[in-house]
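# Commentary on secondary and tertiary structure
Chain by chain, the residues:
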Amino acid sequence: MSEQTTDLRETVRQRYAAAAVQVTEGGSACCGPEPVEVDENFGSTLYAADERDALPAEAVAASLGCGNPTAVTELREGERVLDLGSGGGIDVLLSDRRVGPTGKAYGLDMTDEMLALALANTEKAGATNVEFLKGTIEAIPLPANTIDVVISNCVINLSTDKPAVFAETFRVLKPGGRIGVSDVVADDTLSAEQRGERGDYVGCIAGALSFTEYREGLEAAGFTDISITPTHAVADGMHAAIVRAAKPVAAAARAAMESADACCGVNACCTSAETSADPALTATEANSASGCGCQG
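Summary of the structure given here. (Residues numbered from 1 in each chain as written. Predicted model: local features only at pLDDT ≥ 70, side-chain atom pairs only at ≥ 80, totals over all residues. Heavy atoms only, no water.)

## Details of the overall build of the chain
A tally of regular secondary structure across the chain gives 10 helices and 10 strands. Expressed as a percentage of its 296 residues, the buried residues of the chain come to 50%. A fraction of 68% describes how many contacts in the chain between residues 6 or more apart in sequence connect residues 24 or more apart. Accessible surface, the chain as shown: approximately 13400 Å² in total, 52% of it carbon and sulfur. (Helix = DSSP H or I, 4+ residues; strand = E, 2+ residues; numbered from the N terminus. Buried < 20%, exposed > 50% of the residue type's maximum accessible area, 1.4 Å probe, protein only. Contact = heavy atoms within 4.5 Å. Areas by Shrake-Rupley, 256 points an atom, 1.4 Å probe, with all protein chains shown as cover.)

## Some remarks on the pairing of strand β7 (residues 224-235)
On a regular strand, each side chain points to the face opposite its neighbour's, so the side chains alternate between the two faces of the sheet. Pairing analysis gives 8 bridges linking β7 to strand β8 (residues 238-246), with the strands arranged antiparallel. Pairing of histidine 232 across the sheet is with alanine 240, part of β8. Counting the residues that bridge the hairpin from β7 to β8 gives 2 residues, and of these glycine 237 lies at a positive phi of roughly 80 degrees. (Pairing = 2+ DSSP bridges.)

## Description of empty space enclosed by the protein
Going through the model one piece at a time under the given rule, you end up with 2 cavities of 30 Å³ or more. Approximately 30 Å³ is the volume attributed to the second largest cavity. Looking at the second largest cavity, the residues that line it are Leu84, Val150, Ile156, Phe166, Thr169, Ile179, Val181 and Leu218. Taken together, the elements giving at least two residues each to the lining of the second largest cavity come down to α6 (162-172) and β5 (173-186). Across the lining of the second largest cavity, the residue classes tally to 7 nonpolar, 1 polar and no charged. (1 Å grid on protein atoms, 1.4 Å probe; cavity = no way out; pocket = protein on both sides within 12 Å on 5 of 7 lines; lining within 4 Å. Points joined across faces, edges and corners; volume = space filled by probe spheres on them. Nonpolar A, V, L, I, M, F, W, Y, C, P; charged D, E, K, R; others polar.)

## Quick notes on helix α8 (residues 211-221)
Here α8 has its buried residues at Phe211, Tyr214, Gly217, Leu218 and Ala221. Across the axial projection of α8, the buried residues extend over an arc of 135 degrees, all falling on one side. Considering only its buried residues, α8 is in contact with α6, β5, β6 (209-210), β7 and β8. Residue glycine 222 follows α8 closely and has a positive phi angle near 115 degrees. (Arc of directions from axis to C-beta.)

## A word on the side chain of arginine 195
For arginine 195, the position within the fold is in helix α7 (residues 192-198). Residue arginine 195 is classed as buried on the basis of its relative accessible area, which comes to 6%. A distance of 3.0 Å separates the side chain of arginine 195 from the side chain of glutamate 213, its partner in a polar contact. What arginine 195 contacts, discounting residues up to four positions off in sequence, is Ala186, Leu190, Ile205, Ala206, Ala208, Leu209, Ser210, Glu213 and Met238. (Polar contact = N/O pair within 3.5 Å; in protein donor to acceptor, adjacent residues only side chain to side chain.)

This is the structure in structure tokens:
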């Protein structure tokens, strides 16, 4: 990781740590916490009043996103949802209400202060099928093919390695899984320098991808059925947008077949063409050494 990348990540971490502290300290005041964001383009005002009223005030006050991904993702009972950059937990708690007791909502965040706030909000909300994880969105600490839906609210633009975010998102999604992300996207006509002139990195502007860059990044990771729909302007030539895409079933099936073909150190496992992956061993020896036998 370059020094510039490290510095940017630390700047983002500090900004969101300060926001969490502001909400936590404000929550002890007589009138409750004040929202961190006052700009009409970002924050809790983008959620419906009934959604805000049903959640702890601190979860609402800590909302820093540019949309409401849970409102457009069509979450279903029993699904497993992952929120990238979960902050104070507003989208995780809203997801929890939609997936019900048979589902599960995960939140992933790199900031200790935000994770502590999210856990406190979870306790206040009485949510029981929620789990918060510490980590980065470039290296998601979950197994492959385990998540039905990935959501995120104005966080991917903050990453300094967006291809890694797209690849990791694709990895953890189940076959047929989908994403519903709110993010800031730039007009294709704006250069990186022009985006920087319209706002800083931690303000979710300078690091934004263009519409074409976003689509190409998702396609490179393997996503299909991609749509990027702007919702409102956040700066000249910059838009909050809803990004949707899916992990094709066929791609996951091929990966599973490839894995099966190389099971137990043996290629073409359990077929007449079976050979050892280690040239020093016979197929029988490789199978025996693995201790798992034929998987067919």
